[in-house]
Amino acid sequence: MNSYISRRQFLAGALVAGTAEAVLAPATTQSVAATPANEFDFPIIDFHAHVEGNFTLQRALELANARGAKLGLAEHAGCKEEVHNDATLKAYLERVKAAPVYKGIQAEGLDWMKCFSKEAIAELDFVLSDALTFPEKDGRLVHLWTPEAKITDKQDFMDRYVDFNVQVISEEPIDIFANPTFLPEAIVKEYDVLWTEPRMTKVIKAAAKYGVAIEINSLYNIPSEKFLRMAKAAGVKFSFGSNAHGDGVGKLDYSIKMAKVLGVTRENMFMPAPRDQKPIMRRT
Ligand SMILES: [Zn+2]
C-alpha cells in the first residue's frame, strides 16, 4: 500500500479534523491590524507562501498587502510533483508572471535537481527545501509533520535527523532551509533538551558553509531564539516564512518578533541572488 501522504492531502485531512483552523481561519480586521508595521530597514517578505486549491493569488496578495508583507511563492516541485520538469516549471512561471511576487519552489525529495535543467531553475527567484520528509532506517520516507512519525529512541532519532538536516543543506542547491529544527509532535515538548548546542552547531555550520539562508518560521515558531542567535553570529542569513496554505499568507508574527529581539538588519536578510550567483549555478 502506498502510504505516501502529500502535504496538501495532510492539510485537507487536518482541515476536516479542525486542527488547521488557526492557520486557515478567515483574516479578521483585528488580526490584520495587530500585525505590526515595518520597523526594519528591509522589506517584510513571506518567502514561504503556498497559493493553491481554491485560494487565489488575488486573495493572497490582498491579505499580504494588508499585513505589510510581500510574497514569495513556494510552489511544490520535485520529480513526483505536479511541477516535475522544465515544461511544467515554465508553465508555473508563466501562470504567475504578471504577479508582483517572488517566484520560487519548495523542492521535494533529495533528487529534485535531476528533473530540471540548471537554466530552468535559475529562472526562479529562490528554491526552498526542508528536512521534514525523513528517510527511516528501513528506507521508508516518513513525513515528520504527520502522526506517521513514531519515535522510539529520541537520542538516536535526533542524531540521524541532524545528519539528514546537514545532508539536505549540503547536497541540495537551495537558497532557503525551511522549517528548521522542526520536531515531530511526539517530542516537541523536549525541544530545548533535544536541540543541544552541538546539534544546533552542525546545522548552522552547514548553512554557513553553503550560503543557505535559515527560515524564521511563523507556523511552528521555530527555530528557537538560542539557535537564531548562534546562526546570526555565524553569519547565516535569515528569511521569513509563514508556511501558510491559505489565509495565513504574510502572517509573520514569530519571524518579526525574533528579528526584533535579535536586532536583525538588511545585512542579515536573504534576498534572491543574481542569476549567476544562484545556488543552482554556483553549486552544481
Ligand atoms: Zn511549505
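None of the values given here were measured: they were computed from a predicted structure.

Caption draft 1: Structural context of helix α9 (residues 197-210). Between the first and last C-alpha of α9 there are 20 Å, a value that for 14 residues agrees with the 20 Å anticipated at 1.5 Å per step. Contacts made by the buried residues of α9 are with α7 (154-171), β7 (176-177), α8 (191-194), β8 (213-217) and α10 (225-233). In the segment just after α9, Gly 211 is the residue with positive phi, at about 65°.

Caption draft 2: Representation of the coordination of the zinc ion in the model. Surrounding the zinc ion are the protein donor atoms His 48 (NE2), His 50 (NE2), Gln 106 (OE1) and Asn 243 (OD1), at 2.1 to 2.7 Å. Angles of 78 to 172° at the metal separate the four donor atoms of the zinc ion, which places the site in the irregular class. Counting gaps between the donor residues of the zinc ion yields the pattern H-x1-H-x55-Q-x136-N. Neither residue differs from the other here; His 48 and His 50 are each classed as buried.

Caption draft 3: Quick peek at the packing of aromatic side chains. Following the criterion strictly, the structure yields 11 aromatic pairs and no others. Between Phe 40 and Phe 42, the ring centres sit 4.7 Å apart and the planes meet at 20°, which makes this aromatic pair stacked. According to the relative accessible area criterion, Phe 40 is buried, its value standing at 17%. For Phe 42, a relative accessible area of 5% gives the class buried. Through a chain of ring-to-ring contacts, three or more aromatic side chains come together here, namely Phe 134, Phe 157, Tyr 161, Phe 164 and Trp 195.

Caption draft 4: Layout of the pairing of β8. The buried count for β8 comes to five of five residues, which makes it a mostly enclosed element. Across the two faces of β8 the burial is the same, with Ala 213, Glu 215 and Asn 217 and Ile 214 and Ile 216 all buried. Strand direction decides the pairing type here: β7 and β8, joined by two bridges, are parallel. Residue Phe 177 lies in a different strand from β8, and its bridge partner there is Ile 214. The pairing of β8 with strand β9 (residues 238-241) spans four bridges and is parallel. Opposite Glu 215, over in β9, you have Ser 239 as the bridge partner. Each parallel crossover has a hand, and for β8 linked through α10 to β9 it is right-handed.

Definitions and limits used
- Residues numbered from 1 in each chain as written.
- Predicted model: local features only at pLDDT ≥ 70, side-chain atom pairs only at ≥ 80, totals over all residues.
- Heavy atoms only, no water.
- Helix = DSSP H or I, 4+ residues; strand = E, 2+ residues; numbered from the N terminus.
- Expected span 1.5 Å × (residues − 1).
- Contact = heavy atoms within 4.5 Å.
- Donors = N, O, S within 2.8 Å, 3.2 Å for Na, K, Ca; no water.
- Tetrahedral: all angles 85-135°; square planar, octahedral: opposite > 155°, others 65-115°.
- Buried < 20%, exposed > 50% of the residue type's maximum accessible area, 1.4 Å probe, protein only.
- Phe/Tyr/Trp six-rings, centres within 6.5 Å; stacked < 30°, edge-to-face > 60°.
- Pairing = 2+ DSSP bridges.
- Right-handed = clockwise from strand over helix to strand, strands pointing away.

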